[in-house]
Amino acid sequence: MSGWESEQSPAPLHVVNSLPGTVHGQLAQVGSVHGGITFNYHSAPPPGAEPRRPDQVPRPPRRFVNREGPLAELDAVLAGGQGAEGCPVGVFSGLPGIGKTAAACQWAHRHQDRFPDGQFFVDFGALGEGAGRDVSEALAMCLRGLGVHDPYLPARLADRAALYRTMSADRRMLVVLDHVSRPAQVTALLPQGDGSAVLATSTWRLGELALDGAALLHLDVLDHSSSLELLAALCGQQRIEAEPEAAAALAGLCGGLPMALRLCAARLTIHRRLSIGSLVGELTDEHSRLGRITVSSGPEERTMAAALEVVYRDLPATAARIYRTLGLMPNRASDPALVALASGFPVQAVQAALDSLEAASLLTGTEDGRYVMHSLVRLHSRELARTLDPPDAERAVVSRVTGHYRALAVLADLAIRADRLRITVPSEAVGAEGLATDPIGTGPFGRAGDPRQNALDWLEAERGNILAVLKAASTFGFDRQVWQLSEAFTVLFLHHRHLADWRESLELGADAAARDGQPAAEARLRSLLSRPLLDLGRDDEARAQLEAADQLAVESGHLALQASVQEFLGRYWERHDPARAADAYRASLALNVQAGEGRGAALARYFLSCAQSAGGDYTAALAGLAEARQDLLARGDERMAARALADMGRARARAGDRAAAADNLRQAVTDLRGEGASHYEARALEDLADVLDTPAEARECLRRALVIYEEAGSPRAVEVLARLAGD
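Notes on the structure in this doc start here. Everything numeric here is computed off the predicted structure, so don't read it as measured data.

1. Thoughts on the overall build of the protein chain
Step number 1: Looking only at helices and strands, one finds 34 helices and 13 strands in the protein chain.
Step number 2: Scored against the burial criterion, the 727 residues of the protein chain give a buried share of 50%.
Step number 3: Restricting to contacts in the protein chain with at least 6 residues of sequence separation, those with at least 24 account for 66%.
Step number 4: Entry remark: accessible area of the protein chain is about 32500 Å², with carbon and sulfur atoms responsible for 51%.

Below is the structure:
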């Protein structure tokens, strides 16, 4: 307040009381006052130097990496020229620790010249909540930056907002709002001046702001190379190069989350004797991983868990309960119906809760209507569930989820090949009522299009989830569910050779069948296990599994199963003793005929003919393959019929008829691709390359085979790559 004076009138004498100098505040203490008083209150700031341009945005963290895409998007949103209509607003949202504040600060510092009247910064995370106190204080902070001193700040929120609009009207400024939790925190601070902009960060999606034209930019985790780049920048490139495998593992355990990477890097920097490998060893245990992603500095401690806890506390009660349930579910992606089954809540309540969790950036929705959690968020939700929920909650959730996947996997298996040998009784796994309404066993896969392809697509999409469910169910001792799910699951791998997953799922299933006292199931799964083991070049392990399966099959008295095991033994002996392979196939053929298994007999005849071809008896081999192919086609087994055609081509190639061999193999490649039998397609492509006269066409066949093998993780990729390199 510049001076203070009062005038007393009307009065016989004109009296003037004056206080010279500067008096701060809106109150004055005076003596006796008579008559009317007029106060002349001057709110102009004190004279002095020109106010400095506000530059309040913190510097971005050192070693900022890989946000060029979102920053470029923000350029298009906020970099409007002078006179742009309205105030553009950009919002960075994402997980706690994803680097929202860092990205906002980085953009602000890159574009200081675009805002000549200054950059303002408000951290709502540090302000009080309730009754508009946070917005009121945020307005006060901005008004101070605009030159208003505390004595002249209006007391009421509405008055502060009005003064802010007035004082920002002729300015071009950037307002950065950090840790926003409500749209009102943004709308109250929109500056009036043309060319001004607002950049907000929030864990919450703040979808309501989109109605006002705000651009909502969701930040994702760093990719693997950027995670390694950040670790190298923080820890030193030499340290990363000294332990490259451990560094890659550390990046994976942090899930591309910048905060987790920075906390781990800080631990490595503070504790120089701690190797990256040792830190990886600490973090490998899921039970303690979240607690070990931390760094202490004196009495303060920064943790990933604390950052997630802040968001969890703001969740509605049902969303918090669903959040904990998701942590107990073994699968990595879930749709609302499955979450409802696991949690016991109605689907409508679950959908509302999932929407809340997605809005809080704790979940990410996928295009197919499912939801996924970041690995560290899942650990946090699981820890909360194990602390807050009843002791048997996790067991109940895993049981429900396993039952769900077992039923659908059995239906998928039936849709793909109804007459395939299986030990599982479908009505036990699915329920008699479900099969009664769907006698051909297609279940949900027959609702549209091709049931067989729909089932294969579902199994492929759910492959990671099913493997996780098998592991969790094994931990809880759900042995019957495990081996039945494992048996049904294997139909996927007969079409798509994911060898490591196939091996692991069958090992879990075979061990569960043994604990369940089911020799037939154990024999079936151990014989199937020989297949990925042979493909992985682990022949001795495959033979041990087959010998155990043979004994168990005999004990079970199951003739069709004994025939199947003999067939798998023939596959093994093909690599080591062709004569014994032929004997095994003949035994399989006889057992299938005795059991009345027509398809099994056709398969045994097919494999016997392959053995005859390998042994040089091409006439018998071609006759047997042609008979097996016709039988398989009559049974609707186009996939195995295509394999028989490929082997007819191989037999003709061995006999020297290259032209006929090429014709057979070309058609077989087309048929196998149509059946989704990628592994056998690749083998046929290799053999086709051997009989082609055009080198360029042969190389193209090998390149296509290489892609298939690499995607499946097959060791044959190395052999094909060597062939390509040698041409």
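2. Concerning the packing of aromatic side chains
Step number 1: Under the criterion given, the structure shown has 10 aromatic pairs.
Step number 2: Where Trp-107 meets Phe-115, the ring centres are 6.2 Å apart and the plane angle is 55°; that geometry is what we call tilted.
Step number 3: Given the relative accessible area of 1%, Phe-115 is considered buried.
Step number 4: Taking 5.9 Å as the distance between ring centres and 20° as the angle between the ring planes, the aromatic pair formed by Phe-493 and Trp-502 counts as stacked.
Step number 5: Ring pairs connect the aromatic residues Tyr-405, Phe-445 and Trp-458, which therefore count as one cluster.
Step number 6: Over the face of the ring belonging to Trp-573 we find Arg-580, whose NZ or CZ atom lies 3.8 Å from the ring centre.

3. Here we look at the pairing of strand E6 (residues 174-178)
Step number 1: Most of E6 is tucked away, with five of its five residues classed as buried.
Step number 2: Every second residue of E6 is oriented toward a common face, with Leu-174, Val-176 and Asp-178 on one face and Val-175 and Leu-177 on the other, all of them buried.
Step number 3: Where strand E5 (residues 119-123) lies against E6, five bridges are found, and the strand directions are parallel. The residue of E6 that forms the bridge with Asp-123 is Asp-178.
Step number 4: With four bridges joining them, E6 and strand E7 (residues 197-202) adopt parallel strand pairing. In the sheet register, Val-175 faces E7, and the bridge partner there is Val-198.

4. Some remarks on the nonpolar core
Step number 1: Ranked by size, the top nonpolar core spans 221 residues in total, and within it Leu-177, Leu-250, Leu-315 and Leu-362 carry the most contacts.
Step number 2: Sorting elements by how many residues they give to this core places helix H17 (residues 393-416) first, with 13 residues.
Step number 3: Setting aside anything within four residues of it in sequence, one finds Leu-362 in contact with Leu-95, Leu-308, Val-311, Leu-315, Tyr-323, Leu-357, Met-373 and Val-377.

5. Thoughts on the side chain of Arg-289
Step number 1: Turning to its location among the elements, Arg-289 is positioned in helix H11 (residues 286-292).
Step number 2: No salt bridge is formed by the buried Arg-289; its nearest oppositely charged neighbour, Glu-286, is found at 4.4 Å.
Step number 3: With sequence-adjacent residues up to four places away left out, Arg-289 is seen in contact with Leu-253, Leu-283, Thr-284, Leu-376 and Leu-379.

6. Topic: the environment of Gly-446
Step number 1: Relative to the helices and strands, Gly-446 resides in the loop between helix H19 (432-436) and helix H20 (451-461).
Step number 2: Measuring from C-alpha to C-alpha, the distance between Gly-446 and Ala-415 comes to 7.9 Å, with 31 residues separating the pair along the chain.

7. A look at the environment of Asp-501
Step number 1: Here Asp-501 shows up in helix H23 (residues 499-515).
Step number 2: Among residues more than four places away in sequence, those in contact with Asp-501 are Arg-463, Leu-467 and Phe-493.

8. Focus: the pattern of salt bridges
Step number 1: Scanning the model with the defined rule gives 47 salt bridges in all.
Step number 2: The partner of Arg-182 in a salt bridge is Asp-134, and the shortest N-O contact between them spans 2.6 Å. Taken together, the residues Arg-182 in the loop between E6 and helix H5 (183-187) and Asp-134 in helix H3 (residues 133-145) connect sequence positions 48 residues apart.
Step number 3: With relative accessibility at 30%, the residue Arg-182 sits in the partly exposed group.
Step number 4: One salt bridge connects Asp-583 with Arg-586, and the closest N-O pair in it is separated by 3.5 Å. With Asp-583 and Arg-586 both in helix H27 (residues 578-595), this residue pair falls three residues apart, about one helical turn.
Step number 5: The class for Asp-583 is partly exposed, based on a relative accessible area of 46%.

9. Re the sheet that holds E6
Step number 1: With parallel pairing, five strands are arranged side by side in an open sheet as E5-E6-E7-E4-E8. Edge positions in the open sheet fall to E5 and strand E8 (215-218), since each of these has one partner strand only. Strand-to-strand twist of the sheet, defined as the mean angle between neighbouring strand axes without regard to direction, takes the value 15°.
Step number 2: The pairing of strand E4 (residues 89-93) with E7 spans five bridges and is classified as parallel.

Cut-offs and rules
Residues numbered from 1 in each chain as written. Predicted model: local features only at pLDDT ≥ 70, side-chain atom pairs only at ≥ 80, totals over all residues. Heavy atoms only, no water. Helix = DSSP H or I, 4+ residues; strand = E, 2+ residues; numbered from the N terminus. Buried < 20%, exposed > 50% of the residue type's maximum accessible area, 1.4 Å probe, protein only. Contact = heavy atoms within 4.5 Å. Areas by Shrake-Rupley, 256 points an atom, 1.4 Å probe, with all protein chains shown as cover. Phe/Tyr/Trp six-rings, centres within 6.5 Å; stacked < 30°, edge-to-face > 60°. Lys NZ or Arg CZ within 6 Å of the ring centre and 35° of its normal. Pairing = 2+ DSSP bridges. Core = buried A, V, L, I, M, F, W, Y, C linked by side-chain atoms within 4.5 Å. Lys, Arg positive; Asp, Glu negative; His and termini not counted. Salt bridge = Lys/Arg side-chain N within 4 Å of Asp/Glu carboxyl O. Axes fitted to C-alpha atoms, helices over the stretch in contact; angles between N-to-C directions.

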